[in-house]
Amino acid sequence: RRPGGARVMGKHTSNITVLGLFAAVAMVGCDRRDTVGPGGGEVASADGRVVVEFPVGALDEETTIMVDELDDCLDGAVACYEVWPSGAMLMVPARVTYFTENDVSDTILLGAHGDTWMRLPDRTVDAGAGTVQGSISVLSEIVVKHHVDRDDHGHPHDDDDDDDDDDDDDGQ
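Source: prediction; values computed, not measured.

Asker: Run through the pairing of strand β2 (residues 41-44), naming residues and quoting values.
Answerer: Pairing of β2 with strand β3 (residues 50-54), which is carried by four bridges, proceeds in the antiparallel orientation. Following the sheet pairing, G41 is matched in β3 by F54. Between the antiparallel neighbours β2 and β3 lie five residues, among them G48 with a positive phi of about 75 degrees.

Here is the structure:
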């Protein structure tokens, strides 16, 4: 017996335990996959920075969804992910959320559409929470990128935002 009264495992059991520990350690870096069905659900990337929320009715059958972090993608990208099964069409758009500790005021999400990249619609930014969100109707690559356009005052400018606070503040 070990100190504390625990029984020492036999050789066969300890080999299984070592094999189980090895498998657990090997899976730490693996991408996350979950099954999502007609009732909705969410799947996160292994690093937890991207979460895809599927509303009720987005999928018509149980589907294994994976959010895979990519090493190689669009030049200038902050991060790249692919939501699998790539190319699957959704019946109701899903919501993609990117989490970071960095400033998100000029961060945009792009989705692959054939050979082109398009901004994800319905962009929302929560600077306090460090999140950027957008919608997807097709599972594909998602690119996180900083928007390079700036206004005349050097502030990030995004043509798609209707809630810009660019109103003149009387010199303040």
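Asker: Describe the state of the cysteines, naming the residues involved and giving the relevant values.
Answerer: Under the criterion given, the structure shown has one disulfide. Sulfur-sulfur distance for the disulfide between C73 and C80 comes to 1.4 Å.

Asker: A description of the pairing of strand β8 (residues 116-119) should follow, citing residues and the corresponding values.
Answerer: In summary, the side chains of a regular strand alternate between the two faces of the sheet. With four bridges connecting them, strand β7 (residues 107-113) and β8 associate as antiparallel partners. Within β8, the position partnered with H113 by the bridge is T116. Connecting β7 to the antiparallel partner β8 that follows it, the hairpin turn spans two residues, and G114 within it adopts a positive phi of roughly 65 degrees.

Asker: Describe the sheet that holds strand β6 (residues 89-99), listing the residues and the values that go with them.
Answerer: The strand order across the open sheet formed by five strands is β2-β3-β6-β10-β9, and the pairing between neighbours is antiparallel. The strands lining the two open edges of the sheet, one partner per strand, are β2 and β9 (124-126). Going from strand to strand, the sheet's axes swing by 25 degrees on average, the running direction of each strand aside.

Asker: Help me get a handle on the pattern of salt bridges, residues and values and all.
Answerer: One pass over the structure, following the stated rule, counts one salt bridge. One salt bridge in this structure joins E101 and R49, with 3.1 Å as the shortest N-O distance. Taken together, the residues E101 in the loop between β6 and β7 and R49 in the loop between β2 and β3 connect sequence positions 52 residues apart. Judged by relative accessible area, which is 64%, E101 ranks as exposed.

Asker: Any chance you could break down the side chain of T100 for me, citing the residues and the numbers?
Answerer: Within the fold, T100 resides in the loop between β6 and β7. Within polar-contact distance, the side chain of T100 engages the backbone nitrogen of N102 at 3.1 Å. When sequence neighbours within four positions are dropped, the list of residues in contact with T100 reads R49, A129 and G130.

Asker: Give me the lowdown on the nonpolar core, citing residues and values where you can.
Answerer: Formed by 24 residues in total, the largest nonpolar core has its most connected members in V52, F54, I65, V96 and I136. For this core, the secondary-structure elements that each account for two or more residues are β3, β4 (63-69), β5 (77-84), β6, β10 (131-138) and β11 (141-146). The dominant element in this core, judged by the number of residues it contributes, is β6, at four residues. For V52, the residues in contact, after removing those within four places along its chain, are G41, E42, V43, V67, V83, A94, R95, V96 and I136. By size, the runner-up hydrophobic cluster in this structure holds five residues, among which are L70, C80, L110 and V143.

Conventions adopted
- Residues numbered from 1 in each chain as written.
- Predicted model: local features only at pLDDT ≥ 70, side-chain atom pairs only at ≥ 80, totals over all residues.
- Heavy atoms only, no water.
- Pairing = 2+ DSSP bridges.
- Helix = DSSP H or I, 4+ residues; strand = E, 2+ residues; numbered from the N terminus.
- Disulfide = S-S within 2.5 Å.
- Axes fitted to C-alpha atoms, helices over the stretch in contact; angles between N-to-C directions.
- Salt bridge = Lys/Arg side-chain N within 4 Å of Asp/Glu carboxyl O.
- Buried < 20%, exposed > 50% of the residue type's maximum accessible area, 1.4 Å probe, protein only.
- Polar contact = N/O pair within 3.5 Å; in protein donor to acceptor, adjacent residues only side chain to side chain.
- Contact = heavy atoms within 4.5 Å.
- Core = buried A, V, L, I, M, F, W, Y, C linked by side-chain atoms within 4.5 Å.

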